[in-house]
Amino acid sequence: MIIDKDYARGVKAFGGLVLSLFVAISVIIDSGYLRFLDSIFIGQIQKTTGGFKDTIMHMATTLASPKMDIIWILVLAFFMWGFKFKLQALWGIFTLAGGDVIGFIVKNIVRRDRPIFHSASDTGFSFPSGHVLGIFIVIAVVWIVILPNIERNWLRRLLYVLTFLFVLLVMISRIYLNAHYPTDTVGAVLIGYTWVQISEMLYVKYAPRLKQNWRPVLHSYL
């Protein structure tokens with residue numbers, strides 16, 4: 001299978017869940033230590049503003065908006081379906097949709113207000129960052145399904161690095177633009193990581209059954 005059994009995946013999911021809960025609870029109780037860390041990172045990231053840096057940050061945050069995440073995953077799913085990675089296409093859509101639902105639920109449990117000078121266009125609660133959560137899941141799908149199938153080692157490794165740096169840039173852009181605190185972006189990565197691990201376990205369990213019982217994915221790679 002493209003997504004093989006991994007007996008350590010449950011441990012990874014549990015570890016991600018523990019860390020996600022730790023950060024979320026620390027935000028809920030307004031931990032002084034987390035506020036201190038947030039202030040340090042905000043100060044460093046917002047030390048210089050304006051010019052080309054503004055353009056890059058706005059571009060990154062636009063490309064990783066929740067609406068764009070949907071477009072990215074649908075484009076990926078379209079090509080995966082065409083190359084007979086039909087189960088993986090469905091899995092990618094399911095994983096992003098599930099991540100969005102989880103993010104919405106966590107936001108309304110934690111109910112953290114956004115930074116004071118956030119843009120009026122940034123509505124809703126702050127933790128976790130929806131931009132970071134969504135783009136993390138999209139890139140995770142690329143890492144798990146797309147990149148392993150690239151035969152040229154140098155190109156595959158380059159794309160791993162570039163996509164990693166893009167996620168990091170999105171995290172920085174959300175802080176730079178006062179849309180989120182640093183812990184909102186870290187929490188989003190931890191929640192996204194945990195959910196991807198769980199989603200992979202669901203794939204391993206249910207994909208073979210779906211391939212046997214649903215005609216549209218009969219000729220899909222498993």
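What counts as what
Residues numbered from 1 in each chain as written. Predicted model: local features only at pLDDT ≥ 70, side-chain atom pairs only at ≥ 80, totals over all residues. Heavy atoms only, no water. Helix = DSSP H or I, 4+ residues; strand = E, 2+ residues; numbered from the N terminus. Buried < 20%, exposed > 50% of the residue type's maximum accessible area, 1.4 Å probe, protein only. Polar contact = N/O pair within 3.5 Å; in protein donor to acceptor, adjacent residues only side chain to side chain. Core = buried A, V, L, I, M, F, W, Y, C linked by side-chain atoms within 4.5 Å. UniProt positions renumbered as here; feature names shortened; annotations may be inferred. Axes fitted to C-alpha atoms, helices over the stretch in contact; angles between N-to-C directions. Parallel < 35°, antiparallel > 145°, perpendicular 65-115°, else oblique. Left-handed = near helix turned anticlockwise from the far one by under 90°. Contact = heavy atoms within 4.5 Å. Patch = residues over 30% accessible without salt bridge, like charges linked within 9 Å, V, L, I, M, F, W, Y side chains within 5 Å. Areas by Shrake-Rupley, 256 points an atom, 1.4 Å probe, with all protein chains shown as cover. Salt bridge = Lys/Arg side-chain N within 4 Å of Asp/Glu carboxyl O.

Per an unreviewed UniProt entry, the protein chain goes by the name Phosphatase PAP2 family protein and belongs to Apilactobacillus nanyangensis.

A. Geometry of the overall build of the protein chain. Across its full length, the protein chain holds eight helices and zero strands. Along the chain direction, N to C, the helices and strands of the protein chain fall in the order α-α-α-α-α-α-α-α. Along the longest, intermediate and shortest principal axes, the C-alpha atoms of the protein chain span 55 × 35 × 30 Å. Put simply, the protein chain has 222 residues, and 43% of those count as buried.

B. Structural detail: the side chain of Arg 9. The topology assignment puts Arg 9 in helix α1 (residues 9–28). A polar side-chain atom of Arg 9 sits 3.5 Å from a polar atom in the side chain of Glu 200.

C. Expanded view of the nonpolar core. Within the largest apolar cluster, 44 residues are counted, with the highest numbers of intra-cluster contacts made by Met 80, Trp 91 and Phe 127. Contributing elements (two or more residues each) for this core: α1, α4 (66–82), α5 (86–110), α6 (130–146), α7 (153–176) and α8 (182–213). Counting six residues, the second-largest nonpolar core is a separate cluster that includes Ile 42, Met 57, Ile 175 and Leu 177.

D. Just the UniProt feature "transmembrane region" (unreviewed entry) in the protein chain, in detail. Taking the numbering used here, the UniProt-annotated feature "transmembrane region" (unreviewed entry) corresponds to residues 12–29, 64–83, 90–110, 130–147, 159–179 and 185–204. Secondary structure content for residues 185–204 is 100% helix and 0% strand, while the C-alpha to C-alpha distance between its ends is 29 Å.

E. The packing of α1 against α8, seen in detail. At their nearest, the axes of α1 and α8 sit 9 Å apart, and the two run at 150 degrees to each other. In this view, α1 runs roughly antiparallel relative to α8, as classed from their interaxial angle. The two elements α1 and α8 meet at a crossing, and its hand is left-handed. Counting all contacts with α1, which are made through Arg 9, Gly 10, Lys 12, Ala 13, Gly 16, Leu 17, Leu 19, Ser 20, Val 23 and Val 27, the residues of α8 involved are Thr 183, Gly 187, Leu 190, Ile 191, Tyr 193, Thr 194, Gln 197, Ile 198, Glu 200, Met 201 and Val 204.

F. Region of interest: unusual backbone geometry. Omega for the peptide link from Phe 127 to Pro 128 comes to -5 degrees, which places this bond in the cis form. Mapped onto the elements, Pro 128 comes out in the loop between α5 and α6. At Arg 111, a residue that is not glycine, the phi angle is positive and equals roughly 55 degrees. In this fold, Arg 111 is placed in the loop between α5 and α6. Of note, Asn 178 is a non-glycine position whose phi angle comes to about 65 degrees, a positive value. Topologically, Asn 178 is positioned in the loop between α7 and α8. For Asn 178, a relative accessible area of 21% puts it in the partly exposed group.

G. Expanded view of a nonpolar patch on the surface. The grouping of Leu 17, Leu 21, Ile 25, Ile 28, Ile 29, Val 101, Phe 104, Ile 105 and Ile 109 at the surface amounts to a nonpolar patch, some 900 Å² of accessible area in total. Taken together, the elements giving at least two residues each to the nonpolar patch come down to α1 and α5. Looking at the element boundaries, Val 101 is found in helix α5. Since its relative accessible area comes to 48%, Val 101 is described here as partly exposed.

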